[in-house]
2 protein chains.
Amino acid sequence: MILAANANAQGSHVGEWRHPTAWDKPASNLENAIRLARIAEAGRFDLLFLADGNGVRNLDKPDLFAATSPSDRPGVFEPVTLLSALAMVTEHVGLVATTTTTYDEPFSVARRFASLDHISKGRAGWNLVTTSNPGDALNFSHEEHVPRDDRYERAGEFAQIVKGLWDSWADDAFPQDKASGRFLDPSKVHALNFRGKHFQVAGPLNAPRPPQGHPVIFSAGQSETGKELSAATADCVFAIEGTIERAQTLYADLKGRLPKYGRSADSLKILSGVTIIAAETEEEAEQLARELDDLVPPAVGLDYLSKMVGVKMSAYPLDGPFPALDFEHVGPTGIGKAIVAKALEQKLTVRETYRAILPQMAGNFFKGSAAQVADLMERWFLEKACDGFMIAAPVVPTGLERFIKLVVPELQRRGLFRTEYSGRTLRDNLGLARPENRFFAQAGRAAE
Amino acid sequence: MILAANANAQGSHVGEWRHPTAWDKPASNLENAIRLARIAEAGRFDLLFLADGNGVRNLDKPDLFAATSPSDRPGVFEPVTLLSALAMVTEHVGLVATTTTTYDEPFSVARRFASLDHISKGRAGWNLVTTSNPGDALNFSHEEHVPRDDRYERAGEFAQIVKGLWDSWADDAFPQDKASGRFLDPSKVHALNFRGKHFQVAGPLNAPRPPQGHPVIFSAGQSETGKELSAATADCVFAIEGTIERAQTLYADLKGRLPKYGRSADSLKILSGVTIIAAETEEEAEQLARELDDLVPPAVGLDYLSKMVGVKMSAYPLDGPFPALDFEHVGPTGIGKAIVAKALEQKLTVRETYRAILPQMAGNFFKGSAAQVADLMERWFLEKACDGFMIAAPVVPTGLERFIKLVVPELQRRGLFRTEYSGRTLRDNLGLARPENRFFAQAGRAAE
Ligand SMILES: Cc1cc2nc3c(=O)[nH]c(=O)nc-3n(C[C@H](O)[C@H](O)[C@H](O)COP(=O)(O)O)c2cc1C
Ligand SMILES: Cc1cc2nc3c(=O)[nH]c(=O)nc-3n(C[C@H](O)[C@H](O)[C@H](O)COP(=O)(O)O)c2cc1C
C-alpha cells in the first residue's frame, strides 16, 4: 500500500489551523515544513505531495483564506524550491511538486525537476496539472483561462517534451575524464528537435539524465481527456472519489486504458485522496472532529459552502432545509452537484450541510479508532479502489503524528505497509521501474 | 569591500577541470556545491553567485564543453533549486541566482525568489539577465532571439512587476490569530493590476513579503539600455572590465546615472569580475597558471579562441603572427574586438593569443602572491573601479580555498574586509537598506 502525505502547511479541514494542537503561523513557515517532512519519513511514507496554484482567490473573504484549497492560498512556498530544501533534511521520502503545463515552459519544468532529482538523489516527482483556478490566467498576461481541451492538448505536448528532454543524455554521457581531457561523449547526446502545435523545443537539456531516468509523473484530471493523458503519460494518479464504488469504477477505468498504450496495470499507481482523523477510540475521533467543526463560525461555513456549490448560501436560513438548487447554477466542478445531491437526499439543513463538507476537501473522509481506519484502508486497497492513499490528516502536524503512531503500526501488522524503506529512490518506494532512455539503450549505445 | 564567489561548479579557466587539485566529476554534483558554499561562508564571503542559461552550446565541439561559459554548459543545476538546497547548509552567505526575463514569467520569478528568500531567511538575490545566448530561443518555441531593445523593454516591465508583487502584502498582513480566527488582515493586501506592453499581471503574489522586503537584484548589461536598467532597478551590477581605467569609467558612469532615479551612489554596488590565482609566492602562482594553460591542447585552445573572436582560427598557423582580422567579422560581443586589438598590439602569435585568454572568462585576471593580489584588489577598490569583486578562482575548489587562506587574511589585516558576519541577510552583508513597501508604510498602514 502506498502512503503519501499531503504536505501543504495546512491540511484539509477549514477550521483546523485554529485548533490548539495545530502549529502556529503556518504561512510560509520553513520549520513547520521540515518537521512535517521528518514526521512523514519517520512514518515510512512513500512521498510528500504539494498541491499548487499561481494565484490567490477569495480576496473578498479574508476569513476563508485558511479554508481555501492549497492551490489558491496566499502564504505558500513555490513547491520545487521548498522540496529542494526538504531534500537536504530527508533521505528516503519522495518529493512531489505540482506544476502547471498551462503557464510554464517545458524546458524550464524539465530542468527544475531534473535538478530536484539530482539534488534528492532520485526522489523527485512532478504532479502535472493544467491549472484548476481560472483566475491564475490573470497573473500570466491572459484575459481568460485557456479552454480545457486546448489546455490538455498543450499538456500532452508538454509532457512529451519534458520526457524527451530528460532523455537528452545517455546515462554515461559524461566521462569527465581528466587524463584524456574528454568531458563528455558526443555520441551520447540527443537533441530533441520537437516541433508540435504548441511548442518547438530544440534541446538538449543542460542537465545530465536524472537519477530516476524520469522523475515520477503524477496527474489528476477527471475528464475523459484528463484520464487519457494519465493513461498515456502518468506513473501515478491522484484521484478523489467520495465512495468506494465510485473509486472502484475509476480504478478499473484507468487501469483499463493502459493496454492500448502498451502498459501493464502495475505501471500506473492510483492514490485516493482522503482526510483521516484517527484517535485512540472512535469517541475521541468524533470529539476531535466536532472540535474542528466548532472552530468554523457560521459566516465562514456559509462562505465555504457558497464557494463549493457556486451559490450564495447566506440567502437561506441557516437551520432551514437545504434548498433544491437549480443544478445549472452549482458551479463548474462535479463537487458542487455532489454536495447538493447529498444534502437533499439526507434532508440536511444548511448548517448541517456546511459542517458535513468541512473536513472533506480531500474528497473522502475516514474517521475512527486505529482499527476502524485501518479496516477502511484495507478494504479500499484489497477491493481495488486504489493502490494507496494521499492522506490529509488534520490537525497539522499532530494529525499526521497520530496517524503514524496509531494507524501505521496497524497497517504494518496486517502486512499492508512497509516497516523499512528498501530502495533509495521514489521509484523504488512506489515499485515503479526506471524508464529506459528513449534514444539510447541502457548500456549507453544509441538505440536508433 | 564586497566579495562574491562565482559558484558555478567549474570556474573560469578552460583547462582547470583537468587539474589534479580540481574536484572530480563536476557535472551536477551536489556534494561539490555544498563544499564550495561552506568554503565561501567560512571565508566570510558576501555571497555565492550562479550564472545561468537555458541551452547547451558547441555540441559540435565536445572538448570545449568544460570550457564554455557557465550559461551554456551541459551539466548544471537550475540555480534557484540548487541555492534552496544550499540555504539549508549555510547561515550567512548570500545566494544569488541568474534568471532570464526573456523566457520566463514575472509572477513565477517573483514567487521563486520570494520562496528562496523565505527559505534562506533573507539571503536571496536575483541576477536579472536578458539572455546572452541567442540559441536559447530555440528551447522556448522561438525561431530567433528577441531583439535586444525588445528584450530590455520587456526586462524593464518584468522587474517592475516582480518588485510590485513582492510588495503585495504588508509585512504584518498575516496575523494568523487562532483566537479571533483572523488569518490575514484584508486591509494589508495590494493587488498590482499591472497592465503594460509586454505583461498584464493582476497579483497579489501568493507569498508573504520576503524577509528582505525585496531580494537583492543584480544586473549585468553593458549597453546603454542595459546600464539604464541597472541604474533604475538594480542593487548590484556585475561588471567585466579588463583594465582599471575602463572599470573606473564604468563605475563613474553607472553611479552618475543614479541621481536621476532619486538614488544615492551607495545604493548601487558594483562588483568587478576577476579570475584570481593566488599562491604563497609569485613563482608558485605563475607555475599554477602555466600548468592550467598546458592542460588545454592546441585544438581546444583554437576552438576557444575561434568562439571568442567569431572567426575560425585553425585556418591560421599556430605559431604565426595573429592575423589582422577584419573587425566586421569578430562576433557580436565587445570581447572579440578587445582580444584582436590586444593580440595585434602586443604582436602575439595565435598560440600566445589563445593562451592569453584561457584564464580570463571572468574578464580580468589577478595573479601572484597574497600581497600582490591584495595590492591589486585594494587599488581597484580605493581608486573607485569597483565596490568589490566577483571572484572566479581556478582551480575549483582549491583555488577558492587558497584565496581564502592567503588573500582574505591580508585584506582583513588592511581593514578592507569583514572578519565576522554582522547582520543576518544578504542586504546586511552588502550594506543595502531594506526597501519600504511601495504600497504600505513600514508600520503596515496603507501608504496611499
Ligand atoms: C485530485 C485533483 C488534484 C488537483 N490538484 C491541482 C493542483 O494542485 N493545482 C491545480 O492547479 N490544479 C489541480 N487540479 C486540476 C487539474 O489539473 C485539472 O486542471 C482540472 O481537474 C480540470 O481537468 P479535468 O476536467 O480533467 O478534471 C487537480 C485536480 C484533481 C482532480
Ligand atoms: C558580466 C555579465 C554577466 C552576464 N551573465 C549572464 C548570464 O549568466 N546568463 C545570461 O543569459 N546572460 C548573461 N549576461 C548577458 C546580459 O544579460 C545581456 O543579455 C547581454 O549582456 C546583452 O546586453 P548588453 O548589450 O546590455 O550587455 C551577462 C552579461 C554580462 C555583461
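Residues numbered from 1 in each chain as written. Chains lettered and ligands numbered in written order. Predicted model: local features only at pLDDT ≥ 70, side-chain atom pairs only at ≥ 80, totals over all residues. Heavy atoms only, no water.

The name recorded for chain A in an unreviewed UniProt entry is LLM class flavin-dependent oxidoreductase, from Sediminicoccus rosea. We quote the UniProt Sequence similarities (unreviewed entry) comment for chain A here in full: "Belongs to the NtaA/SnaA/DszA monooxygenase family." (UniProt positions renumbered as here; feature names shortened; annotations may be inferred.)

Novice: Help me out: how do you make sense of the interface of chain A and chain B in this one?
Specialist: Frequently, the measure chosen for interface size is the accessible area removed from exposure when the parts meet. Facing 81 residues of chain A, the contacting portion of chain B comprises 81 residues. One can count eight salt bridges joining chain A with chain B. In this structure, Asp52(B) and Arg111(A) form a salt bridge, with 2.7 Å as the shortest nitrogen-oxygen distance. At the boundary of chain A and chain B, one finds 44 residue pairs in polar contact (both at pLDDT 80 or more). Listing elements by their share of the side of chain A that touches chain B, those giving two or more residues are helix H1 (30–42), helix H2 (79–87), helix H3 (106–119) and strand S6 (200–201) of chain A. With eight residues, the single largest contributor to the side of chain A that touches chain B is H3(A). (Contact = heavy atoms within 4.5 Å. Salt bridge = Lys/Arg side-chain N within 4 Å of Asp/Glu carboxyl O. Polar contact = N/O pair within 3.5 Å; in protein donor to acceptor, adjacent residues only side chain to side chain. Helix = DSSP H or I, 4+ residues; strand = E, 2+ residues; numbered from the N terminus.)

Novice: Can you walk me through the environment of Ala393(B) in this structure?
Specialist: Residue and element names in this part refer to chain B. As for its placement among the helices and strands, alanine 393 is situated in the loop between strand S11 (388–392) and helix H12 (398–413). You can call alanine 393 buried: its relative accessible area is 8%. A C-alpha to C-alpha distance of 26 Å links alanine 393 and leucine 348, two positions 45 residues apart in sequence. (Buried < 20%, exposed > 50% of the residue type's maximum accessible area, 1.4 Å probe, protein only.)

Novice: So what exactly am I meant to see when it comes to the site of ligand 1 here?
Specialist: Residue and element names in this part refer to chain A. Taken together, the neighbourhood of ligand 1 is formed by 18 residues, with Asp52, Thr130, Arg148, Tyr152 and Ser223 sitting nearest. Between ligand 1 and aspartate 52 there is a distance of 2.6 Å, counted from a nitrogen atom to a backbone nitrogen or oxygen. For ligand 1, an oxygen atom lies 2.6 Å from a polar atom in the side chain of threonine 130. When ligand 1 is considered free in solution it has 610 Å² of accessible area, and contact with the protein chains removes 87% of it. The dominant element in the shell around ligand 1, judged by the number of residues it contributes, is helix H4 (residues 148–166), at three residues. (Near = heavy atom within 4 Å. Areas by Shrake-Rupley, 256 points an atom, 1.4 Å probe, with all protein chains shown as cover.)

Novice: Quick question: what am I supposed to make of the site of ligand 2 here?
Specialist: Residue and element names in this part refer to chain B. Surveying the vicinity of ligand 2 reveals 18 residues, the closest of which are Asp52, Thr130, Tyr152, Gln222 and Ser223. Taking aspartate 52, its main chain carries an N or O atom lying 2.6 Å from a nitrogen atom of ligand 2. Taken by itself ligand 2 offers 610 Å² of open surface, and the protein chains cover 87% of this. When residues of the shell around ligand 2 are assigned to their parent elements, the largest contribution, three residues, is made by helix H4 (residues 148–166). Looking at the shell around ligand 2 residue by residue, the classes come out as six nonpolar, nine polar and three charged. (Nonpolar A, V, L, I, M, F, W, Y, C, P; charged D, E, K, R; others polar.)

Novice: I'm lost on the environment of Ala343(B) in this one. Help?
Specialist: Residues and elements named next belong to chain B. Locating alanine 343 in the fold gives a position in helix H9 (residues 334–345). Expressed as a C-alpha distance, the spacing of alanine 343 and glycine 213, which sit 130 residues apart in the sequence, is 48 Å. Alanine 343 has contacts with Phe322, Leu348 and Thr353, leaving out every residue within four places of it along the chain.

Novice: Just to check I follow, could you spell out helix H3 (residues 106–119) of chain B for this structure?
Specialist: At 3.6 residues per turn, the α-helix brings residues three or four places apart onto the same side. All names here are of chain B. For H3, with 14 residues, the first-to-last C-alpha span of 20 Å sits near the 20 Å given by 1.5 Å per residue. The buried count for H3 comes to 14 of 14 residues, which makes it a mostly enclosed element. Residue lysine 121 follows H3 closely and has a positive phi angle near 55°. (Expected span 1.5 Å × (residues − 1).)

Novice: What's the story with the packing of aromatic side chains in this structure? I'm lost.
Specialist: In this description, an aromatic ring pair is defined by two values, namely the gap between the centres and the angle between the planes. Scanning the entire structure with this criterion turns up 27 aromatic pairs over all chains. Here Phe158(A) and Phe199(A) contribute two aromatic rings whose centre-to-centre distance is 5.6 Å and whose plane-to-plane angle is 85°, an arrangement assigned as edge-to-face. Of this pair, Phe158(A) sits in helix H4 while Phe199(A) sits in the loop between strand S5 (194–195) and S6; the two residues are 41 residues apart in sequence, bridging distant segments of the chain. Phe199(A) matches Phe158(A) in its accessibility class, with the two residues each being buried. Of the aromatic side chains, those joined through ring pairs into one cluster are Trp17(A), Trp169(B), Phe174(B) and Phe183(B). (Phe/Tyr/Trp six-rings, centres within 6.5 Å; stacked < 30°, edge-to-face > 60°.)

Novice: How should the environment of Leu47(A) be read in this particular structure?
Specialist: All names here are of chain A. Locating leucine 47 in the fold gives a position in strand S2 (residues 47–50). Exposure remark for leucine 47: the relative accessible area of 0% places this residue in the buried category. Here the alpha-carbon distance between leucine 47 and valine 96, two residues 49 residues apart in the chain, equals 6.9 Å. Once residues within four sequence positions are removed from consideration, leucine 47 is found in contact with Leu3, Ala4, Ala5, Val93, Gly94, Val96, Phe218, Leu426 and Leu430.

Novice: Help me understand unusual backbone geometry, please; the structure alone is not making it clear to me.
Specialist: With the exception of glycine, most residues fall at negative phi, and the peptide bonds are largely trans. Backbone torsion omega between Pro394(A) and Val395(A) reads -5°, so that peptide bond is classified as cis. Following the sequence through the fold, Val395(A) ends up in the loop between strand S11 (388–392) and helix H12 (398–413). Following Val396(B), the chain continues to Pro397(B) via a peptide bond in cis, the omega torsion being 0°. Despite not being glycine, Lys347(B) shows a phi value in the positive range, around 50°. For Lys347(B), the position within the fold is in the loop between H9 and helix H10 (350–357). A residue is classified by how much of its surface remains accessible, and Lys347(B), at 72% relative accessible area, is exposed.

Novice: Looking at this structure, how should I read the pattern of salt bridges?
Specialist: Two side chains with opposite charge may pair up if their charged atoms get near one another. A complete count under the given rule lists 65 salt bridges over all chains for this structure. The partner of Asp185(B) in a salt bridge is Lys188(B), with the nearest N and O atoms 3.6 Å apart. Under the relative-accessibility criterion, Asp185(B) is labelled buried at 16%. Using a relative accessible area of 15% as the deciding quantity, one classes Lys188(B) as buried. The partner of Asp253(B) in a salt bridge is Arg257(B), with the nearest N and O atoms 2.7 Å apart. Residues participating in the shared-partner salt-bridge network are Glu224(A), Lys227(A), Glu228(A), Asp253(A), Arg257(A) and Lys260(A).

Novice: Would you take a moment to explain the relation of the copies chain A and chain B for this structure?
Specialist: These two copies of the chain differ by a rotation about an axis and a displacement along the same axis. Superposing chain A onto chain B takes a rotation of 180° combined with a translation of 0.0 Å along the rotation axis, leaving an RMSD of 0.0 Å. The transformation just described matches what one would write down for a two-fold rotation axis. In terms of C-alpha distance to the rotation axis, chain A has Ala85(A) as its closest residue, with the C-alpha 2.2 Å off the axis. Most of the interface of chain A is mirrored in chain B, where 100% of its interface residues are also at the interface. (Least-squares fit on C-alpha atoms with pLDDT ≥ 70 in both.)

Novice: Explain empty space enclosed by the protein here, please?
Specialist: If a probe as big as a water molecule is rolled over the atoms, it shows which places are left empty. Tallying each qualifying case throughout the model produces 10 cavities of 30 Å³ or more. The volume enclosed by the largest cavity comes to roughly 200 Å³. Lining the largest cavity are 21 residues, with Ala7(A), Asn8(A), Ala9(A), Phe77(A) and Leu82(A) sitting closest to its centre. Elements that contribute at least two residues to the lining of the largest cavity include exactly H1 and H2 of chain A. Class assignment of the residues belonging to the lining of the largest cavity gives a composition of 13 nonpolar, six polar and two charged. Quantified by volume, the second largest cavity comes out at close to 180 Å³. Around the second largest cavity sit 19 residues that line it, and Asn8(B), Ala9(B), Leu50(B), Phe77(B) and Leu82(B) are the ones nearest its centre. Listing elements by their share of the lining of the second largest cavity, those giving two or more residues are helix H1 (30–42) and helix H2 (79–87) of chain B. (1 Å grid on protein atoms, 1.4 Å probe; cavity = no way out; pocket = protein on both sides within 12 Å on 5 of 7 lines; lining within 4 Å. Points joined across faces, edges and corners; volume = space filled by probe spheres on them.)

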